[in-house]
Amino acid sequence: MISRCFSHLVNHLTTTRLALLLAHLFLLYYLFKGNSEQTMSSQKFIELNSGQKMPAVGLGTWQATDEAELENALEEALKAGYRHIDTAYLYTNEAIIGRVLERWLSSGKIQRNDLFITSKLPGIGMTPERVEYFLKKSLADLKLDYVDLYLVHSPMGYQYVSDTELTPMKDGQLLLDNKTDLEAIWKALEVQVDAGLTKSIGVSNYNIAQLERMVKMARIPPANLQVELHAYFQQKPLQEACKRLNVKLCAYAPLGSPGRKALFEKRGLKFEELGLLQDPVVIELATKHNKTASQILLRFLVQQDVIVIPKSTNPSRLRQNLEIFDFQLSSEDMSTLQNLDKGLEGRSFTAKAFKGVTEHPEYPFNSY
Ligand SMILES: NC(=O)c1ccc[n+]([C@@H]2O[C@H](COP(=O)([O-])OP(=O)(O)OC[C@H]3O[C@@H](n4cnc5c(N)ncnc54)[C@H](OP(=O)(O)O)[C@@H]3O)[C@@H](O)[C@H]2O)c1
């Protein structure tokens, strides 16, 4: 009887210890899992119809042409966790980006398939014969065998004068190519996918009707549409169309592109800042969430599955722009921001600084 009680007690103690041990193991597992999820949630991926996963936050690089400044920004961006970089032949910075990418790839700090690199076909390359030529020029500068996404930069072709005259002018007018054939150009883009020079293809600055035309005739449908999109210009009809057509949206100027003021003034033109980062509604939400105005504006778009490519060459601001995955906007916050939409009035990229541009048969900015 005594020995039975004793063995029962020993069994009980062993079971208790075992239970304690298991509880500890579970605790450790959840702590570790918690940390790894935190790391994972420092980025969100949007799956394209090509099967590729596009990081929802990328680094914009328009107007970043100062070599030292951009190199430093890219180093800081890659360290902070950016893997998606948006560039274009038009930005004349692909060689700088290529140098930094080569350093990171050759040192083994990153693998090619961790990166998502977007480039774009310039206006002067808008004929089927020039598509491969300009894509290969971008690849040579980027020191890559392929880009992840190649976009038609704008539906308006310009006359080709030379590789370096990016916006050829005569008598103060942009030399437009009024015979731009968007369907033929799309077919030439599809050939680049077949050749392995780009994983996905898409368009930029196309309106709904132009996008529908591409989807209708495509053998390889557009995977992405990059347009101006921010709280003042939410492009709701275009967002609906993209859902219906299974094309993911990427927002350029997600912060309202305040850097344009300096650019316009340099060209002797006036530019009215949008003031999106100073909007009292945005500031109020920033205070509420203990975040910055920029983080609120970016989170607002990403929470709707829109990809964003804020440009910054400032290390602290570019880090800030990526730190939007540790908070959520409530549905009330979302509708407050949705109310900032100004409809078509909110469009600020019209290309109208180029005289005569609205005469192009494919001028896209009169409608959504
Ligand atoms: N497909 C197209 O036709 C097209 C057209 C325009 C743009 N894009 C692409 O979209 C990208 C983004 O658009 P964008 O550059 O026009 O405008 P944006 O990203 O809305 O704004 C960039 C400007 O905001 C400043 N900024 C960045 N982060 C900030 C922050 N956290 N707080 C305060 N200011 C901040 C930047 O200055 P600092 O650098 O000094 O931080 C820069 O002046 C471009 O770089 C380009 O890659 C495409």
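Scroll up for the structure.
The text that follows walks through the structure, step by step, so that each part is easy to find. As the structure is a computational prediction, the values presented were derived from the model and not from experiment. (Residues numbered from 1 in each chain as written. Predicted model: local features only at pLDDT ≥ 70, side-chain atom pairs only at ≥ 80, totals over all residues.)

**Describing the environment of Ile46**
Consideration 1: Note that Ile46 resides in strand β1 (residues 45-47).
Consideration 2: Taking the C-alpha atoms as reference points, Ile46 and Asp305, separated by 259 residues in sequence, lie 7.0 Å from one another.
Consideration 3: Non-local contacts of Ile46, meaning those with residues more than four positions away in its chain, are made with Met54, Ala56, Lys248, Asp305 and Ile307. (Helix = DSSP H or I, 4+ residues; strand = E, 2+ residues; numbered from the N terminus. Contact = placed C-beta atoms within 7 Å.)

**Thoughts on the sheet that holds strand β4 (residues 84-86)**
Remark on secondary structure: sheet strands pair via backbone hydrogen bonds, oriented parallel or antiparallel.
Consideration 1: Spatial ordering of the open sheet is given by β3-β4-β5-β6-β11-β12-β13-β14, a layout of eight strands whose pairing is parallel. Each having just a single partner strand, β3 (59-60) and β14 (307-308) make up the two edges of the open sheet.
Consideration 2: Sheet topology note: the β3/β4 ladder contains two bridges and is parallel. Counted as the bridge partner of Gly60 is Asp86 from β4.
Consideration 3: Of the strands in this sheet, β6 (147-152) and β11 (198-204) touch helix α5 (residues 182-194), which is tilted by about 160° from β11. (Pairing = 2+ DSSP bridges. Axes fitted to C-alpha atoms, helices over the stretch in contact; angles between N-to-C directions.)

**Looking at unusual backbone geometry**
Consideration 1: With a phi close to 75°, Gln63 is a non-glycine residue in the positive phi region.
Consideration 2: With 16 C-beta atoms counted inside 10 Å, the residue Gln63 sits in the partly exposed group.
Consideration 3: Even without glycine at this site, Asn290 takes up a positive phi of about 55°.
Consideration 4: With respect to the element layout, Asn290 can be found in the loop between α9 (280-289) and α10 (293-302).
Consideration 5: A tally of 8 C-beta atoms within 10 Å means that Asn290 is categorised as exposed. (Buried ≥ 20, exposed ≤ 12 C-beta atoms within 10 Å, placed from the backbone.)

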